[in-house]
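# A look at the structure
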Amino acid sequence: MRRKLVAGNWKMNGRRATNIGLVQAVSDAARELEGVDVWLAPPAVYLLQVAELMQGGGLGLVAQNAAREQDGAFTGEISAEMLADAGCRAVLVGHSERRSLYGETDAAVAEKFARIQAAGLVPVLCVGEALAEREAEQTVAVVLRQLGVVIDACGIDALERAVVAYEPVWAIGTGRTASPGQAQEVHAVLRAEVARYSGAVAAGLRILYGGSVKAANAAALFAEADIDGALVGGASLSADEFVAIARAASSAR
Ligand code: PEP
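Anyway, here's the lowdown on the structure attached to this text. These numbers were taken from a predicted model, which means no experiment stands behind them.

## Details of the sheet that holds strand β1 (residues 4–9)
With parallel pairing, the eight strands of this closed barrel are ordered in space as β1-β2-β3-β4-β5-β6-β7-β8. Pairwise comparison of adjacent strand axes, ignoring direction, gives a mean angle of 25° for this sheet. Pairing of β1 with strand β8 (residues 229–232), which is carried by four bridges, proceeds in the parallel orientation. Within β8, the position partnered with V6 by the bridge is A230. Across the face of the sheet, helix α2 (residues 47–54) comes into contact with β2 (36–41) and β3 (60–63) while running at roughly 170° to β3.

Written out as structure tokens, the structure reads:
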């Protein structure tokens, strides 16, 4: 049985003063919840602060991005090894904002994925189709291509130490959520694809849904067989909303 996972992606939000209350509220609530892992992905500049605030609370620290390269002459970049050193457990990779705004290609995503695992961290591989691709009935082709590039580069066993997040681009930050049925359909396709290589890896793989998840729609999403939790953007900035989502995941066991 896969343990549920709820991860909050703060994106480029936060301030030292306001992070304190948010992390403490999530940490206090998460301590009482069973059957769910709760992870937070603050901006890199706040990782050390959040790591300290999380101490003893059982939360997982996640970075939003990692460099493609190892330590060295790469001004402005942060290596996966540094993120491990800062106390991270996982790193988002292939988020649609990185792909569309910063030109991250499938090949770059696969390289980062490998680099993150080599540093002992868990990649959270984000895949998802744009609206035009869904309308052109390309959803399955797009997500299988994005997943396939990583499987080809890193091997199927790499997915034993990874999380996948299905995030339809048209649902991210738009208030428009995929229906539980639409999301489940894609999650099932992703799991079936992994099962073609390894039934055991497929059975253990946590596949999160992301795209305007909030307290009001979380329980219905988590009731689906292949939805193992959520990657939450906007709603993770409110302790009440985010905790309610984590609570829904805990009750969905
Ligand atoms: C995200 O950034 O991964 C995300 C899903 O954002 P939102 O929940 O705001 O749609």
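## Brief notes about the nonpolar core
What tends to happen in soluble globular proteins is that the nonpolar side chains get buried as a cluster. The biggest cluster of nonpolar side chains holds 69 residues, and the ones touching the most others in it are L159, L190, Y209 and F222. Sorting elements by how many residues they give to this core places helix α11 (residues 239–251) first, with seven residues. Non-local contacts of L190, meaning those with residues more than four positions away in its chain, are made with V127, V143, L144, L147, V164, Y166 and I207. Formed by 13 residues, the second largest nonpolar core is a distinct cluster that contains W39, L92, V124 and A165.

## A short note on the layout of surface pockets
A probe as big as a water molecule, rolled over the atoms, marks out the empty space that is left. Within this model, the largest pocket holds a volume of roughly 520 Å³. Lining the largest pocket are 20 residues, and of these M12, Q64, N65, R98 and Y102 lie nearest its centre. Looking at the lining of the largest pocket element by element, the count peaks at three residues for helix α4 (residues 96–101). Each residue belonging to the lining of the largest pocket can be placed in one class, and the counts come to eleven nonpolar, five polar and four charged. Put simply, the second largest pocket is a space of about 200 Å³. Along its surface, the second largest pocket is lined by 17 residues, and G173, S212, V213, G233 and G234 are the ones closest to its centre. For the lining of the second largest pocket, the residue count by class is five nonpolar, nine polar and three charged.

## Let's talk about empty space enclosed by the protein
For the structure on display, the rule yields one cavity of 30 Å³ or more. Roughly 30 Å³ of internal volume is contained in the largest cavity. In terms of lining, the largest cavity is formed by V26, A29, A30, L33, V38, F242, V243 and A246. Elements represented by at least two residues in the lining of the largest cavity include exactly α1 (16–31) and α11. Looking at side-chain class alone, the lining of the largest cavity contains eight nonpolar, no polar and no charged residues.

Calculation notes
- Residues numbered from 1 in each chain as written.
- Predicted model: local features only at pLDDT ≥ 70, side-chain atom pairs only at ≥ 80, totals over all residues.
- Heavy atoms only, no water.
- Pairing = 2+ DSSP bridges.
- Helix = DSSP H or I, 4+ residues; strand = E, 2+ residues; numbered from the N terminus.
- Axes fitted to C-alpha atoms, helices over the stretch in contact; angles between N-to-C directions.
- Contact = heavy atoms within 4.5 Å.
- Core = buried A, V, L, I, M, F, W, Y, C linked by side-chain atoms within 4.5 Å.
- Buried < 20%, exposed > 50% of the residue type's maximum accessible area, 1.4 Å probe, protein only.
- 1 Å grid on protein atoms, 1.4 Å probe; cavity = no way out; pocket = protein on both sides within 12 Å on 5 of 7 lines; lining within 4 Å.
- Points joined across faces, edges and corners; volume = space filled by probe spheres on them.
- Nonpolar A, V, L, I, M, F, W, Y, C, P; charged D, E, K, R; others polar.

Take it as geometry only, folks, not as evidence of what the structure does.
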